[in-house]
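Remarks on the overall topology
Letter by letter, the chains look like this.
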Amino acid sequence: MDTKREPVTPYMRMAVMGRDEHVCVYCGTTEEESKLQIDHAIPVSKGGRSNFENLVTCCQHCNYWKGNRTVEEWDADEQKLHDRSLFTALLERIKKRSKNKKPRKKKS
Ligand SMILES: [Zn+2]
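Let me sum up the structure you'll find in this document.

Before going further, it helps to spend a moment on the pairing of strand β2 (residues 55-59). Of all five residues in β2, five are buried; the element is thus mostly enclosed. Side chains of β2 alternate between two faces, with L55, T57 and C59 and V56 and C58 buried alike. Taken together, the five bridges between strand β1 (residues 36-40) and β2 define a ladder with antiparallel strand orientation. When the sheet's bridge partners are listed, L36 is paired in β2 with C59.

So, in structure tokens, the structure goes:
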């Protein structure tokens, strides 16, 4: 199996951040674009691809805490620690966003 990490192109990064309105999808924080990161909702190590559906905008803090887990695994871990409604709502939001918005074609 090819486990090589696919690069996230600058265009993909821009498209994902645009879709997510430059807001961390996990905690809702707004950061300067330079401080925001692109996270794989399903980690590459677990078969996640570097495509528009699997990439989300997140802040450094959330990227750090989520680490190498899927959103579901992260959610399950967090549920052991906290009250869960926040993360359930978050998952709904990510799923909706992936469905509703597509990247715009780059103007040449
Ligand atoms: Zn965050």
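With 12 residues, the main nonpolar core is built from V16, C24, V25, Y26, L36, A41, L55, V56, C58, C59, V71 and W74. Where this core is concerned, the elements lending two or more residues are β2 and α3 (71-81). The element best represented in this core is β2, accounting for four residues. For C59, the contacting residues outside a window of four places in its chain are C24, C27, T29, E31, K35 and L36.

To continue, consider the environment of G48. In this fold, G48 is placed in the loop between β1 and β2. For G48, a count of 17 C-beta atoms within 10 Å translates into the label partly exposed. Put simply, G48 and T70 are 22 residues apart on the chain and 9.0 Å apart in space, counted from C-alpha to C-alpha. Beyond its immediate stretch of four places on either side in the chain, G48 contacts H40, A41, I42, P43 and N54.

The rules behind these values
Residues numbered from 1 in each chain as written. Predicted model: local features only at pLDDT ≥ 70, side-chain atom pairs only at ≥ 80, totals over all residues. Buried ≥ 20, exposed ≤ 12 C-beta atoms within 10 Å, placed from the backbone. Helix = DSSP H or I, 4+ residues; strand = E, 2+ residues; numbered from the N terminus. Pairing = 2+ DSSP bridges. Core = buried A, V, L, I, M, F, W, Y, C linked by C-beta atoms within 7 Å. Contact = placed C-beta atoms within 7 Å.

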